[in-house]
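Structure at a glance
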Amino acid sequence: MHHPIRISKNITTDQDKLSIAEKRQYLTLAGKFHTLIKDKFPQDDINEIRKIVRSGLKESAGAHNEKNIPEALLTLNTALLFADLIEPDRNILLAIGLYPLIKEGLTDILTIKKTWGEDIAGLLTGLEAVDRFSNKNNVVNQDNFRGLMLALADDIRVIIIMIVRNLALMRMINNHPDDNWVRDVAFEANFLYAQLAHRLGLYKIKSELEDLSLKYTNREIYNQIAKKLNATKREREAYIKRFIDPVKEKLEKAGLKFDIKGRTKSISSIWNKMKKQKVDLPGIYDLFAIRVIIDTPVEKEKSDCWLAYSILADMYTANPARMRDWITIPKSNGYESLHATVLGPESKWVEVQFRTRRMDLVAEKGLAAHWRYKGVKGDSTDQWMNNIRDILESAESGPMQLMKDMKMDIYGKEVFAFTPKGDLFRLQAGATVLDFAFLIHSNVGAHCTGGIVNGQHRKITHKINNGDTIEILTSSTQSPKSDWLNIVVSSKARNKIKQSLNEEHLHRAEIGKELLLRRAKNRKIDMDDAILAKLILKYGFKHINDFFAEMADGKIDPGKFLASYIDEIKPKTDNIKVSAEEFQLHEKDNDISNSEILKIGEKNIHGLNYKFAKCCNPIYGDEVFGFISADGTVKIHRIECPNAANIRTRYPYRIIRTSWSGNDGDMLPVTLRITGKDDIGIVANITSMIAREPGLVLRNISVDSHDGMFQGILVVAVSDSKKLNSLLKKLSSVKGVKQIQRS
């Protein structure tokens, strides 16, 4: 047995009291509400709801809210609208009735949970969360809009309650004195709640919200259209009768059971058509639509709808471009109907909609309103709300763009495509092969190179049409590019591309940093982070990762950067002995050569720019290969270069065959490492032997001695490998030399 909630606050001001007119309206609404639920709920529930309505609302201290809207009337109107336009639901109606008491602090969630159960308490928690952001003139603030949408997305029943509550509010503010507040409420109704209603299939509510929004934001246009529609009402009704009567006769002869009626389109939709088509009201040919609602069992729904259409098409000329078949493939919100536009009497175009009784119920009250919030999981509503979360979490623009993105996601037309196995996927109109790939799986999208659409190869930019069968083509070497963001239209694809690009950028930055640090270690240079950051800033980079990414791409030469780094620290290192490796930094081996001493490529390609790799310092006569770098220059490596194995494994497609021509080579530097006993005069013997050799020049020498042993690094300029081999033999014969080898 439930316990009624007692109200302890007292009425103290005139504003807290309901006026006589409001009390009369309240009693009328309460009577309607009781009539509506008396046959639909157990008597105990009815008694408790009546106690809430009478005690909790009529006598509450907060009879009017801060905008002087009577909470009692707003709550009763919300409950009546929900029960009438959607369906009576015990827990939702109780939550609607209890919500003002939570707002006024007359009870709390814990008490509700104990008295009414967890489900109702959960609904009220959701409504509280929404109320923190909504109806406070701040929905246009981006953070508030995000908070509002994420609060709504938690429970679809909360969305439905807030949509209906917003409609109840919009009906009550027609003569409200605060014009600015009314416009804000109308803005929120149009850009948020009308769109949510559309997505949930609540078309009747959606149309009224849009009409009222137009009324409050552009009353002059609203009144003009309403006046013209009223003036032509009799003429329009007469025409509808002339159109319907012969159609009705034909359908009856075919044995169909049905209702047929005409309806005028909403004022807001007429205004949108006037703006889009740039015509006045008489120029809008489809001001009304004829609806044929067929009584038929589920198994005959499609065949009977198509039968009715064929009868109509025999009577009037159909416009195939205006055919809309949402029976074969329903809309994502569950909407099913067959729309046709035909040339009726007096050569006027008329839209006719064919649907069954079941389809009409879904179209009028919304599929989600009937079964989604009762616990069914995994429908497209979940997917849509996930898409909205993606938009909210990744958006970098302002709130107006957020609302525009969301509106496009909701109102945008849909296309349907199949996989080769026959699985059906629903996409936004304008979606490309790349969108389809990301919809299947993020990894498929990231490696997509194109697709086979209806048996023909198509690029990733190809736009999908209804009924296409698409096989996605992938490659392990493919990865997302920044221009892909201009190809896709879905928020999921855009978010995944951005995420992948950020990860790839970070990965390239790590490679570039490792490349620089390895080169610095080889040259025995200790990198100082502060000096490094300062120098990177001088290079024009605000972010260090951008710098290292370009180094990984070959746009920044690590050797030249190290030269700049050494210049940066030079005043601190004037007394440091320069090693042989550091000496190479200042040599001509960085200069691009155009001499014809090499044969590059299978057919001896002339004119290629090349340079000799510093990691192995090849000279004329060495067995070499070419590696095509990112800037198109061919780097020449020795076959036994320590980096050769890694290059061949990672970049086999960038290797080019290279050999020496018959011409003598230039004098190129070679680094030699020598060890031995530290005998008197040994350095002099080595240097004098090099000096006596023709075609050799000693460019640098660095020798360290310790415990009777010495280690030396020599840099010798030599023209070819034969002269180098001869020198190595002679140096090996010098007394005290234990080992000599080329680096």
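Residues numbered from 1 in each chain as written. Predicted model: local features only at pLDDT ≥ 70, side-chain atom pairs only at ≥ 80, totals over all residues. Heavy atoms only, no water.

Okay, the side chain of Ser 213 next. Its place among the elements puts Ser 213 in helix H10 (residues 203–217). In contact with Ser 213, not counting residues within four places along its chain, are Met 170, Ala 186 and Asn 190. (Helix = DSSP H or I, 4+ residues; strand = E, 2+ residues; numbered from the N terminus. Contact = heavy atoms within 4.5 Å.)

Strand order in the open sheet formed by five strands is E8-E7-E11-E9-E10, and the pairing between neighbours is mixed. The sheet terminates laterally at strand E8 (424–428) and strand E10 (456–458), the two strands that pair on one side only. Averaged over all pairs of adjacent strands, the angle between their axes in this sheet comes to 40°, without regard to strand direction. Contacting strand E7 (414–418), E8, strand E9 (448–453) and strand E11 (468–474), helix H19 (residues 433–440) runs over the sheet at an angle of about 125° to E8. (Pairing = 2+ DSSP bridges. Axes fitted to C-alpha atoms, helices over the stretch in contact; angles between N-to-C directions.)

Notably, Asn 454 is not glycine yet its phi reads approximately 50°, a positive angle. Of note in this structure, Asn 617 is not a glycine but carries a positive phi near 45°. One can find Asn 617 in the loop between strand E13 (610–612) and strand E14 (624–628). Classification of Asn 617 as buried rests on a relative accessible area of 7%. (Buried < 20%, exposed > 50% of the residue type's maximum accessible area, 1.4 Å probe, protein only.)

The next point concerns the pairing of E9. For E9, the buried fraction is high: five of the six residues fall into the buried class. Note that E9 and E11 share five bridges and pair antiparallel. Bridge pairing links Val 453 to Ile 470 in E11. Strand direction decides the pairing type here: E9 and E10, joined by three bridges, are antiparallel. Bridge pairing in E10 places Gly 451 opposite Arg 458. What sits between the antiparallel neighbours E9 and E10 is a turn of two residues, in which Asn 454 has the positive phi angle 50°.

The next thing to look at is the sheet that holds strand E15 (residues 634–638). Within a sheet, each strand pairs with its neighbour through backbone hydrogen bonds, oriented either parallel or antiparallel. Reading across from one edge, E13-E15-E14-E16 is the order of the four strands in this open sheet, with mixed pairing throughout. Both edges of this open sheet fall to E13 and strand E16 (655–656), since each of them pairs with a single strand only. Here E14 pairs with E15 via five bridges, running antiparallel. Each residue of the ladder has a partner; that of Gly 626, found in E15, is Ile 636.

A few words now on the packing of helix H11 (residues 219–231) against helix H13 (residues 267–277). Their axes nearest at 10 Å, the elements H11 and H13 cross at an angle of 105°. Here H13 runs roughly perpendicular to H11, going by the angle between their axes. Across the interface between the two elements, Ile 221, Tyr 222, Ile 225, Ala 226 and Leu 229 of H11 pack against Ile 267, Ile 270, Trp 271 and Met 274 of H13. Of the residues contributing to the contact of H11 with H13, the split by class is nine nonpolar, no polar and no charged. (Parallel < 35°, antiparallel > 145°, perpendicular 65-115°, else oblique. Nonpolar A, V, L, I, M, F, W, Y, C, P; charged D, E, K, R; others polar.)

The biggest cluster of nonpolar side chains holds 66 residues, and the ones touching the most others in it are Leu 124, Ile 163, Met 170, Ile 173, Ile 205 and Leu 209. The greatest single-element share of this core, amounting to twelve residues, is contributed by helix H8 (residues 156–172). Residues contacting Leu 124, with those up to four places away along its chain left out, are Ala 95, Leu 98, Tyr 99, Ile 102, Ile 109 and Ile 112. By size, the runner-up hydrophobic cluster in this structure holds 36 residues, among which are Ile 225, Leu 287, Ile 311 and Phe 354. (Core = buried A, V, L, I, M, F, W, Y, C linked by side-chain atoms within 4.5 Å.)

Another aspect to go through is helix H12 (residues 233–253). Between its terminal C-alpha atoms H12 stretches 30 Å, which fits the 30 Å expected from 21 residues at 1.5 Å a residue. Ile 244 marks where H12 bends most, by close to 25°; the proline Pro 246 follows one to four residues later. Listed in full, the buried residues belonging to H12 are Arg 236, Tyr 239, Ile 240, Phe 243, Ile 244, Val 247 and Leu 251. Tucked into the core, H12 has its buried residues touching H11, strand E1 (258–264), strand E2 (288–294), helix H14 (301–315), strand E5 (338–343) and strand E6 (349–356). (Expected span 1.5 Å × (residues − 1). Bend = angle between axes of the 7 residues up to and from the residue.)

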